[in-house]
Amino acid sequence: MANLRLFVAIELPAGVLASLNKVQHELQRDPALARLRWTRPEGIHLTLSFLGTVPEERGGEVEAAVARAVVGVAPFDLGLGKLGTFGGKRAPRVLWVDVGCDRESLTRLHGQLGRELAPLGFPPEERAYSPHLTLARVPPEVSRDVAEPLANAVSTLAAPAGSFRAEELALMKSDLRPGGAVYTQLFAAALE
């Protein structure tokens, strides 16, 4: 049996992906940010849990946990927020867009998912959940060089426009390829 690289996420509609892509293009016009590794728009999603490498034969139990996690969580609205970075002002690692609106439902869904996955050997992260959409990663070797231009861009660029309704939770497979990761939905559970 093969191993799968899995995560659980909320996928984004085409209009939201287009809005994020527009922001990426604006940022890419700055030559100082040319060395960032930009996330392909079709690869942007709202991750709730990264499971890592999982034996293929465990897929059914993970699907069942995802299905149980959505019980009692009605569809809810989310929206794009401000730009930000992880990693500190002097050495940023990730450029992201905040996710807002109905954070209470999102936090509840995240918590239920964690409780369903924990007995399967996927412990929840120790740090608090920070819902975000990754636009780019900053390679360590250029982190200090891009810190100031990236901070300027984050503080001056308007937040992207867009909102969407979270209606399902998806189990996703990630295949790492030379041109970047390719994501495939393996299972989806509709919010109730």
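Above this text is the structure in question.
Note that the coordinates shown come from a computational prediction; the quantities given were computed from them, not determined experimentally.

Turning our eyes to something else, we now look at the pattern of salt bridges. On inspection of all chains with the given rule, the structure shows nine salt bridges. Close ionic contact of Arg40 with Glu42 constitutes a salt bridge, the shortest N to O distance being 2.8 Å. Two residues, Asp175 and Arg177, come together in a salt bridge whose shortest N-O distance is 4.0 Å. Judged by relative accessible area, Asp175 falls into the partly exposed class, the value being 24%. The partly exposed category is assigned to Arg177, whose relative accessible area is 48%. Linked by salt bridges that have partners in common, Lys173, Asp175 and Arg177 make up one network.

When the terminal C-alpha atoms of helix H1 (residues 14-28) are compared, their 21 Å separation across 15 residues agrees well with the 21 Å that a helix rising 1.5 Å per residue should span. The set of residues buried in H1 consists of Val16, Leu17, Ser19, Leu20, Val23, Gln24 and Leu27. For H1, the angular spread of the buried residues around the axis is 160°, confining them to a single face. Exposed and facing more than 90 degrees away from the buried side of H1 are Ala14, Gly15 and Lys22.

The contact between helix H2 (residues 59-69) and helix H3 (residues 103-117) brings their axes to 8 Å, and the two run at 145°. The handedness of the crossing between H2 and H3 is right-handed. Seen from H2, the contacting residues are Val62, Ala65, Val66, Arg68 and Ala69; seen from H3, they are Leu109, Gln112, Leu113, Glu116 and Leu117. Its residues assigned to classes, the contact of H2 with H3 shows seven nonpolar, one polar and two charged.

Ranked by size, the top nonpolar core spans 51 residues in total, and within it Ile10 and Leu169 carry the most contacts. Here this core takes five residues from H1, the largest share from any one element. Not counting residues within four places of it along the chain, the set of residues in contact with Leu169 comprises Val8, Ala9, Ile10, Leu48, Val66, Ala69, Val70, Leu109, Leu113, Phe187, Ala188 and Ala189.

Here the focus is the packing of aromatic side chains. A full pass over the atoms with the stated rule returns two aromatic pairs. Here the aromatic rings of Phe7 and Tyr183 are separated by 5.4 Å at their centres, their planes lie at 90°, and the arrangement is edge-to-face. Of this pair, Phe7 sits in strand S1 (residues 3-11) while Tyr183 sits in strand S9 (residues 182-190), and the two are 176 residues apart along the sequence. Relative accessible area serves as the criterion here: at 3%, Phe7 is assigned to the buried category. Judged by centre distance (5.2 Å) and plane angle (40°), the rings of Phe86 and Trp96 are tilted. With a gap of ten residues between them, Phe86 in strand S4 (residues 76-86) and Trp96 in strand S5 (residues 94-101) connect regions that are remote in the sequence.

Among the secondary structure elements, Thr39 is positioned in the loop between strand S2 (37-38) and strand S3 (45-55). Within the local environment of Thr39, its side chain forms a polar contact with the backbone oxygen of Thr134, the two atoms lying 3.2 Å apart. If sequence neighbours within four positions are ignored, Thr39 has contacts with Gln24, Ile44, Thr134, Leu135 and Ala136.

Scoring rules and cut-offs
- Residues numbered from 1 in each chain as written.
- Predicted model: local features only at pLDDT ≥ 70, side-chain atom pairs only at ≥ 80, totals over all residues.
- Heavy atoms only, no water.
- Salt bridge = Lys/Arg side-chain N within 4 Å of Asp/Glu carboxyl O.
- Buried < 20%, exposed > 50% of the residue type's maximum accessible area, 1.4 Å probe, protein only.
- Helix = DSSP H or I, 4+ residues; strand = E, 2+ residues; numbered from the N terminus.
- Expected span 1.5 Å × (residues − 1).
- Arc of directions from axis to C-beta.
- Axes fitted to C-alpha atoms, helices over the stretch in contact; angles between N-to-C directions.
- Left-handed = near helix turned anticlockwise from the far one by under 90°.
- Contact = heavy atoms within 4.5 Å.
- Nonpolar A, V, L, I, M, F, W, Y, C, P; charged D, E, K, R; others polar.
- Core = buried A, V, L, I, M, F, W, Y, C linked by side-chain atoms within 4.5 Å.
- Phe/Tyr/Trp six-rings, centres within 6.5 Å; stacked < 30°, edge-to-face > 60°.
- Polar contact = N/O pair within 3.5 Å; in protein donor to acceptor, adjacent residues only side chain to side chain.

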